[in-house]
Every structure is written in C-alpha cells, then in structure tokens.
Amino acid sequence: MAIIIQVLSTGLAVGSIYALVALGVIVIYRAANVVNFAQGDFAMVAAFALAISATAWHLSYWIAFLFAIIVMVILGILFELGVYYPLRNRSFLPVIISTIGASILFQNLALSLFG
C-alpha cells in the first residue's frame, strides 16, 4: 500500500511540473506571439539550482527553493533583455531562432558543467 501512495504522489508531482511548464509556454505565447523553445530549459536550470543548493551547499529545502526562484528571476530578466527585447520589432522567425539558440546554449552549459 505504501508503494502505491508513493507512486501516486510522485506521478502527481511530475504531472504538476509538466502542467506548470505547459502553462508557462502558453503564457509566453500569448504575451509575445512566439513559442519559447527554451522554456523547458528554464525548468532544467531551476531543478539544477535547487539540487545543487540543497545537496552540495547543504542548504535546507526551503532556502534552496527560494534560491532556485531567485536564479529563475535573474535568468528570466537576462533572457528578456538579451533575447526578446532586441528583437521586439522583428518578425517571429528571428525570435524563434534565438529561443532555439538559447535552448541549445542552456543544454550545452548543463552538459559541460554536470556531465
């Protein structure tokens, strides 16, 4: 019985994360009229920030959670200023290409830092 409760709670947690990422994609699309292909990589950066601050730095879960939120706010501001804002008067294609490039950048940074 305990394994069923654990599997159900894990499924709900993972499903909630997927739902939040999908909601973020919809909000970004409605606001900018462009799909952000780096949206999933933002979730990856938040997960790495939480995991590193909780395990390597031995912070409590809630402090690590707040740290991950702060990292995401800073990354979001930098992404807005570096990717979206310079291309605000362009068509949708350069913005899509820049979000794909940012996605590749985030993935390769994570791969080079964490293997």
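In this text, all values refer to a predicted model and were calculated from it rather than measured experimentally.

A.B. asks: Looking at this model, I keep getting lost on the overall build of the protein chain. Mind explaining?
C.D. replies: A count of helices and strands for the protein chain gives four helices and zero strands. For the protein chain, the C-alpha atoms occupy an extent of roughly 55 × 30 × 25 Å along the three principal directions. Contacts in the protein chain between residues far apart in sequence, at least 24 positions, make up 53% of those at least 6 positions apart.

A.B. asks: Which parts of the structure should I look at to understand the packing of helix α2 (residues 39–55) against helix α3 (residues 61–84)?
C.D. replies: To characterise two packed helices, one gives the angle between the axes of the helices and the distance between these axes. Put simply, α2 and α3 touch, their axes get as near as 8 Å, and they point 145 degrees apart. Crossing hand, α2 versus α3: right-handed. Within the contact between the two elements, α2 uses Phe42, Val45, Ala46, Ala49, Leu50, Ser53 and Ala54 and α3 uses Tyr61, Ala64, Phe65, Phe67, Ala68, Val71, Met72, Leu75 and Phe79. By residue class, the composition of the contact of α2 with α3 is 15 nonpolar, one polar and no charged.

A.B. asks: What is the right way to read unusual backbone geometry from this model?
C.D. replies: Glycine aside, a negative phi is what most residues show, and trans is what most peptide bonds show. In the Ramachandran plot, His58 falls in the positive-phi region, its phi being about 55 degrees despite a non-glycine side chain. Looking at the secondary structure, you find His58 in the loop between α2 and α3. Take His58: its relative accessible area is 68%, and that puts it in the exposed class.

A.B. asks: Looking at this structure, how should I read the side chain of Ser98?
C.D. replies: Looking at the element boundaries, Ser98 is found in helix α4 (residues 92–114). Every residue in contact with Ser98, bar those within four places of it in the chain, is listed here: Val83 and Leu87.

A.B. asks: How should the packing of aromatic side chains be read in this particular structure?
C.D. replies: Note on aromatic pairs: each is described by the distance of the centres and the angle between the planes. Under the definition given, this model contains eight aromatic pairs. Summarising the aromatic geometry, the rings of Tyr61 and Trp62 are spaced 5.1 Å apart at their centres and angled 75 degrees between planes, so their arrangement reads as edge-to-face. A relative accessible area of 60% places Trp62 in the exposed class. Considering the side-chain rings of Trp62 and Phe65, the 6.0 Å spacing of their centres and the 80 degrees angle between planes classify their relative orientation as edge-to-face. Taken together, the residues span about one helical turn, with Trp62 and Phe65 both in helix α3 at a distance of three residues. A network of ring pairs unites the aromatic residues Phe42, Phe79, Tyr84 and Phe106 as a single cluster. Lying across the ring of Tyr85, Arg88 places its NZ or CZ 4.1 Å from the centre.

Analysis parameters
- Residues numbered from 1 in each chain as written.
- Predicted model: local features only at pLDDT ≥ 70, side-chain atom pairs only at ≥ 80, totals over all residues.
- Heavy atoms only, no water.
- Helix = DSSP H or I, 4+ residues; strand = E, 2+ residues; numbered from the N terminus.
- Contact = heavy atoms within 4.5 Å.
- Axes fitted to C-alpha atoms, helices over the stretch in contact; angles between N-to-C directions.
- Left-handed = near helix turned anticlockwise from the far one by under 90°.
- Nonpolar A, V, L, I, M, F, W, Y, C, P; charged D, E, K, R; others polar.
- Buried < 20%, exposed > 50% of the residue type's maximum accessible area, 1.4 Å probe, protein only.
- Phe/Tyr/Trp six-rings, centres within 6.5 Å; stacked < 30°, edge-to-face > 60°.
- Lys NZ or Arg CZ within 6 Å of the ring centre and 35° of its normal.

Structural measurements only, silent on function.
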